[in-house]
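If you want the building blocks of each chain, they are given just below.
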Amino acid sequence: MPTKLPKWQQELFATPIWLLQTFASVVVILIVVVWLLKYTRFGREFWHVLRPCLDKKLARRALLLISAMILLLLTEVRLNVFSTFMTSGLYTSMQEMNASAFWLFAAMNASVVLLRAFNGAVNDFLDQAIAIKWSERLNVVLIERWLSDKNYYRLQTKRHTPDNIDQRIQQDAQDFIVSTIEFVRGMLNSVLTSLEFAIVLWDLAGVLTVFGINIPHGIVYFVFIFVILATFVAMWIGKPLIHQNYENEKLNGDYRYSLIRIRDHAESVAFYGGEAQEQQSLNQRFAAIIRNKWRIARQSVLLSGFNDMFSSGIKLFPILLQAPRLFAGQIKLGDIQQTVQAFARLQQALSFFRLFYGRFTVYRARLERLYGFMTSMEEPHHSQQPQRQISQGSLKIQNVTVHRANGDILLDNLNFQAAAGQSLLIKGPSGCGKTTTLRMLAGLWAFGSSGNIWQPEKAHTLFIPQRAYVPQGSLKHVLCYPNIQADNQTLIATLNDCQLPHLAERLDEEQDWQHLLSPGELQRIGFARVLLAKPQLILLDEATSALDEPTEAHLYTLIRQRLPESIIISIGHRGTLDAFHDRNIEIVAPMECD
């Protein structure tokens, strides 16, 4: 009769079949779980964030990476099982004074440790590779959607606009990806480890007597029941953390934005002497963060205290439950050690959801913030717009009505036209729709307008605001924003024409030009762009308010000489502007200006 192989050898030889069978089972279970999750709020939100990141090619790569992650995870679980058998062999050989068996198991244990270290390193690299690839794709999706269809502008006009969009794109997205990988890995590890070590513990467990009732393999039932009950209690304690962590992200984003505003408007704050007011505002915002942190701290202490008490208290149970069998000679010291290890692994695996729940509340908050941001960009904007037609070299506004956000009429029956080479100056009281007229011409007014407009293509229209926008980068990039093509010689000549000769030698210099240049220099940069872009329609919104009158006259004369066929529409309050325009249009709102 053939000798029965030791348990560790049976497990070793069965490993290839186990890996194949378990891999197939995990894939089937994952498919079922994913199908069930789509009927939950969490599943719908998660899929809404994930779906835009996947096309056919990326989906295949993702499946390969996930398959590799599962296979490595299965290998890790299997090595952990082998480790308990090697440790059991070590202790049993010491108890039996068997030196040769001791060194054999010591060598095998060292091999298992090395394999686990190598498997762990590959696992970590794979996790980071998945995170990097996913982060790259999600960032592209969020940026493209935010910048498309003027969403970055339109969201600011909404009553319930998402807060701290920069934080959602950068921090929330990155943390969401890392936490997702940790959660999926932990969940799979928890399920697989629970099943494997439940089997190991089942073979080691004897009869557990409770109140005179004998329960075969009772230690296995014991750990499952206690951990599941503890998990439900932990979820009940930690549930308020979901909302509190959501508020924490929002409040910190608001505080960070307030700090950035002071930095961006440092000179204005300094001129006003508004340090005390700014400090009071910052203190109030930070106080809100602190109040919420105290709420989080109190709830987290309850949750972590419960988890620590449970985790520490349950460690002695496997020894206490197995000791009578050792004293009765039914098992050996190695079996006790393997029981402790298997019990600890099983308890730790089953406790994953309980221990991870505190971090899951943060993860849930970030998912909701990303989901809310993405859905806000997908909401249709059905505001009525004027009928637009392309007209080369002319502009005509016919019977245009513009509405306020509440639906009231801001501008009614607006009519004017300009042929090539003509210039119009729009005047009127502050707040009565002058800039709104330019926004409507640019297609940016989100609250509804009607009528008919004939104008040049948007590609041949250039808008210059009161404070020109300056992107990050070199001065050359600043001048050519957004897509002007010009060589250095042309740029230097244009700077000289716009009375900016001191900047001519700094074209390749990268600075924070938005804050380095004065308001007057920024406005001259705007006129330089006009000369470089040569648009058919030029919209100037108080574009010379920071300039002295001689410079204003020079720049208006310059663009009229260089661009004789361009249409100029200006907004301004200065009487000196009349001389540079063919006609004035007085905007009169149908109701009192705000």
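Every chain's residues receive numbers from 1 upward, in the order its sequence appears when written. Local features are withheld for residues below a pLDDT of 70 in this predicted model, meaning they are given only at 70 or higher, and side-chain atom pairs are given and counted only at 80 or more; totals for whole chains, interfaces and linings count all residues. As a rule here, side-chain values cover all heavy atoms of the structure and leave hydrogens and water aside.

Chemist: Report on the pairing of strand β5 (residues 409-419), specifying residues and quantitative values.
Modeler: Two strands form a pair only when DSSP identifies at least two bridges running between them. For the purposes of this entry, the term helix denotes a DSSP run of H or I that reaches at least four residues, the term strand denotes a run of E that reaches at least two, and both are numbered from the N terminus. For strand β4 (residues 394-403) and β5, the ladder comprises 7 bridges, and the chain directions are antiparallel. Looking across to β5, one finds that Val402 is bridged to Leu411. Here β4 hands over to β5 after 5 residues, with Gly407 in that stretch at a positive phi of 95 degrees.

Chemist: Would you mind going over the pattern of salt bridges in detail, with residue names and values included?
Modeler: If charged atoms from side chains of opposite charge come close, those side chains can pair. Salt bridges are defined by distance alone: a side-chain nitrogen of Lys or Arg within 4 Å of a carboxyl oxygen of Asp or Glu. Enumeration over the complete set of coordinates arrives at 14 salt bridges. In this structure, the salt-bridge partner of Glu45 is Arg41, at a minimum N-O distance of 3.0 Å. With Glu45 and Arg41 both in helix α3 (residues 41-50) and 4 residues apart, the pair spans about one turn of that helix. Residue burial is assigned from relative accessible area. The probe radius is 1.4 Å, only protein chains are included, and a residue is buried under 20% of its type maximum, exposed over 50%, and partly exposed in between. The class for Glu45 is buried, based on a relative accessible area of 4%.

Chemist: Requested: an account of the pairing of strand β12 (residues 567-571), with residues and values cited.
Modeler: With 5 of its 5 residues buried, β12 lies for the most part within the structure. Neither face of β12 is open: one carries Ile567, Ile569 and Ile571, the other Ile568 and Ser570, and all of them are buried. Alignment of strand β6 (residues 423-427) against β12, held across 4 bridges, turns out to be parallel. Across the sheet, the residue bridging to Ser423 is Ile568, located in β12. Taken together, the 5 bridges between strand β11 (residues 537-541) and β12 define a ladder with parallel strand orientation. Bridging across to β12, Leu537 finds its partner in Ile567. Handedness is read with the strands pointing away from the viewer; a crossover is right-handed when the path from the first strand over the helix to the second is clockwise. With helix α20 (residues 549-562) bridging β11 and the parallel β12, this β-α-β connection has right-handed handedness.

Chemist: How would you sum up the sheet that holds β5? Please name residues and give values.
Modeler: With mixed pairing, 4 strands are arranged side by side in an open sheet as β3-β7-β4-β5. Whereas interior strands pair on both sides, the edge strands pair on one side only; in this sheet they are β3 (387-390) and β5. The average undirected angle you get between the axes of adjacent strands in this sheet is 5 degrees. One ladder, built from 5 bridges, connects β4 with strand β7 (residues 449-455); its direction is antiparallel. Residue pairing in the sheet places Ile397 in a bridge with Ile453 of β7. Against the sheet, helix α15 (residues 434-441) touches β3, β4, β5 and β7, its axis set at about 115 degrees to β4. Angles shown run from 0 to 180 degrees and are taken between the N-to-C directions of axes, each axis being a line fitted to C-alpha atoms and, for helices, limited to the stretch in contact. It only takes one pair of heavy atoms within 4.5 Å for two residues to be counted as in contact.

Chemist: Give me the sheet that holds β6: which residues, what numbers.
Modeler: Here 5 strands make up an open sheet; going across it, the order is β8-β11-β12-β6-β13 and the pairing parallel. Edge positions in the sheet fall to β8 (461-464) and β13 (583-586), since each has one partner strand and no second. For this sheet, the mean inter-axis angle between neighbouring strands, taken without regard to orientation, is 15 degrees. In terms of strand pairing, β8 meets β11 through 4 bridges, oriented parallel. In the sheet register, Thr461 faces β11, and the bridge partner there is Leu537. Sheet strands in contact with helix α19 (residues 519-533) are β8 and β11, and its direction is about 170 degrees off that of β8. Docked against the sheet, α20 engages β6, β11 and β12, running at close to 160 degrees with respect to β12.

By themselves these figures say nothing about function.
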